[in-house]
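# Coordinate inspection notes
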Amino acid sequence: MNVRRTMPLCLLLAFAIAHASEPLERKPGQSYYFSFDPYVEYVAGDLPIVLTSPHGGRLKPDTIRNRTKGVTDMDVNTQELARAVLDALHALSGRHAHLVASHLHRSKLDPNREIVEAAQGDPMAERAWREFHDTVRLAIDSAVARHGFAFLIDLHGHAHPIPRLELGYALSTRQLNVPDAEFDRSGVIAVSTLRDLHARRGGSAAALLRGPRSLGALFAARGLRAIPSPAEPQPEGHPYFNGGYIVRRHAAAPDTPKVDGLQIECPRAGVRDTAEARARFANITAEVLAVFLQENHDFRLDAKK
Ligand SMILES: [Zn+2]
């Protein structure tokens, strides 16, 4: 993993020169690092799906100061979970999703925060933060150029009492804790991570978010409880992660046309604690995406090349 120690100088130079002369043809399924410090990994893809794994890193270099404010615990096994999803998508489609993974432990960098809280003034952490977000943008731009849209999934792990997937669309508990008709009237879908999809296809925003063909419904039908979904449409008074900086910046912001997506917060038991559990979650996620992308983006995930 440590590029500095294992990569000969000539390769490092070739790497730097290649990176300086964009555009560079990148091979789907191949890992790339865009600086000498192996803190941000990019797995190139040829699917419209972009995965991010900001809290699964384990590196704690002495050269970066510890963060002293905010959450510093990692989301255990979420990077492994993201790789399992890549594998399942490849098995289904014969193609590769993009992955952007932070290898820094969250005590050193939190890419799911704005830069001040993320890096807390450490210049190397700030550089890794910029590299992470530049790489997410590169992956999204590549997906949009190839397919006309990108679907961003930011993967996390939670320890809330209810063991269900928390699907975050950048809408708050207060915005979700209303009946469907009121939700539709509120117009808040226009500031969510599904803003572009809804603007294009119209219809009930509540149906898109928590109706019988929503992502939550598709997960629940395959045995993974999810909120929001038809059975669990509102967080009510329970703790719920509604989507952080990554999906808000890259999918919900007004300057992100053609990008939809969500944050998925996963419970530990039965989802990310064992290789078998991760493979099951990954296979279900691939199936869910196949249905959702076909119905909403007219994209066939299971049509092998
Ligand atoms: Zn997290």
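Glancing now at the overall build of the protein chain. Across its full length, the protein chain holds 12 helices and 8 strands. The C-alpha radius of gyration of the protein chain comes to 19 Å, within 12% of the 19 Å expected for a compact globule of 305 residues. The principal-axis extents of the C-alpha atoms in the protein chain amount to approximately 60 × 45 × 40 Å. Expressed as a percentage of contacts within the protein chain between residues at least 6 apart in sequence, the contacts between residues at least 24 apart total 70%.

You can see Arg280 is positioned in helix H12 (residues 275–297). For Arg280, a count of 18 C-beta atoms within 10 Å corresponds to the partly exposed category.

Two orientations exist for strands paired in a sheet by backbone hydrogen bonds: parallel and antiparallel. Read from one edge to the other, the open sheet built from 8 strands follows the order S1-S2-S4-S3-S5-S8-S6-S7, with strand pairing classed as mixed. In the strand order of this sheet, the two ends are held by strand S1 (31–33) and strand S7 (226–227), each with one partner. Here strand S3 (residues 49–53) pairs with strand S5 (residues 150–157) via 4 bridges, running parallel. Across the sheet, Ile49 pairs through a bridge with Phe151, a residue of S5. Running over the sheet, helix H3 (residues 78–93) touches strand S2 (40–43), S3, strand S4 (98–102), S5 and strand S8 (259–266) and is turned about 165 degrees from S3.

What follows concerns the environment of Arg195. Take Arg195: it is sitting in helix H8 (residues 195–201). Sequence separation between Arg195 and Ala252 is 57 residues; the distance between their C-alpha atoms is 6.7 Å. When neighbours within four sequence positions are excluded, Arg195 is seen to be in contact with Ile189, Ala190 and Ala252.

Okay, the packing of H3 against H12 next. Interaxial distance between H3 and H12 falls to 8 Å at its minimum, and their mutual angle equals 50 degrees. For the element pair H3 / H12, the angle class is oblique. Regarding H3 and H12, the two cross each other, and that crossing is right-handed. On H12, the residues that touch Glu80, Leu81, Ala84, Val85, Asp87, Ala88, Leu89 and Leu92 of H3 are Arg278, Ala279, Phe281, Ala282, Asn283, Thr285, Ala286 and Ala290.

This part takes up the pairing of strand S6 (residues 165–168). Taking every second residue as pointing to the same face, both faces of S6 are buried, with Leu165 and Leu167 on one and Glu166 and Gly168 on the other. Of the strand pairs in this sheet, S6 and S8 are connected by 3 bridges, and their pairing is antiparallel. What sits directly across from Glu166, in S8, is Glu265.

Over its 25 residues, helix H5 (residues 123–147) runs 36 Å from end to end, which matches the ideal 36 Å to within 8%, given 1.5 Å per residue. Trailing H5 by a residue or two, Gly148 shows a phi angle of about 85 degrees, which is positive.

What follows is about unusual backbone geometry. The omega angle of the peptide bond from Ile227 to Pro228 is -5 degrees, so this bond is cis rather than trans. Along the polypeptide, Pro228 turns up in the loop between S7 and helix H11 (245–252). The phi torsion at Gln120 lies on the positive side, around 50 degrees, for a residue other than glycine. Among the secondary structure elements, Gln120 is positioned in the loop between helix H4 (115–119) and H5. Positive phi is not limited to glycine here, since Ala170 has a value of about 65 degrees. Residue class for Ala170 comes out buried when judged on the 24 C-beta atoms lying within 10 Å of it.

So, about the nonpolar core. The biggest cluster of nonpolar side chains holds 83 residues, and the ones touching the most others in it are Ile49, Val50, Leu51, Val85, Leu152 and Phe219. Considering each element in turn, this core owes the most residues, 9 residues, to H5. Excluding anything up to four places from it in sequence, Leu51 contacts Ala82, Val85, Leu86, Ala97, His98, Leu99, Ile153 and Leu155.

Once that is clear, we can look at the pairing of S5. Counting buried residues along S5, 8 of its 8 residues qualify, which places the element largely inside the surrounding structure. Of the two faces of S5, both are covered, the one formed by Ala150, Leu152, Asp154 and His156 as well as the one formed by Phe151, Ile153, Leu155 and Gly157. With 8 bridges connecting them, S5 and S8 associate as parallel partners. Counterpart to Ile153 in the pairing with S8 is Leu262.

Moving on, we come to the confidence of the model for the protein chain. A residue-level look at the protein chain finds 91% of positions with pLDDT of 70 or above and a mean pLDDT of 93. Note on residues 1–14: pLDDT under 50 across the span, and 8 contacts to partners over four residues away in sequence or across chains.

So, about H11. What sets the pattern is the α-helix's 3.6 residues per turn: residues three or four places apart point alike. Burial analysis of H11 places 7 of its 8 residues in the buried class, the great majority of the element. Of all the residues in H11, the buried ones are Tyr245, Ile246, Val247, Arg248, His250, Ala251 and Ala252. At its buried positions, H11 is contacted by S3, H5, S5, S6, H8 and S8.

Procedures and definitions
- Counting starts from 1 at the beginning of each chain's written sequence and moves along it residue by residue.
- For a predicted model such as this one, the threshold for reporting local features is a pLDDT of at least 70, and the threshold for listing and counting side-chain atom pairs is 80 or more; totals across whole chains, interfaces and linings nevertheless cover every residue.
- Strands are runs of DSSP state E lasting at least 2 residues, helices are runs of H or I lasting at least 4, and numbering of each runs from the N terminus.
- Atoms considered for the radius of gyration are the C-alpha atoms alone. The globule rule reads 2.2 Å times the number of residues to the power 0.38.
- What counts as a contact here is a pair of residues whose C-beta atoms, placed from the backbone, lie within 7 Å.
- The burial criterion counts other C-beta atoms lying within 10 Å of a residue's C-beta, which is placed from the backbone; the residue is buried at 20 or more, exposed at 12 or fewer, and partly exposed between these limits.
- Pairing between two strands is assigned when DSSP locates at least 2 bridges connecting them.
- Angles here are taken between N-to-C directions and fall from 0 to 180 degrees, while the axes themselves are lines fitted to C-alpha atoms, restricted in helices to the stretch in contact.
- Angle categories: roughly parallel below 35 degrees, roughly antiparallel above 145, roughly perpendicular from 65 to 115, and oblique for all the rest.
- Helix crossings get a hand from a simple test, with the near helix turned counterclockwise from the far one by less than a right angle marking a left-handed crossing and a clockwise turn marking a right-handed one.
- The span one expects for a helix is its residue count, reduced by one, times 1.5 Å.
- For this analysis, nonpolar core means a set of buried Ala, Val, Leu, Ile, Met, Phe, Trp, Tyr and Cys residues linked through C-beta atoms within 7 Å.
- By definition, pLDDT measures how confident the predictor is in each residue, and it falls between 0 and 100.

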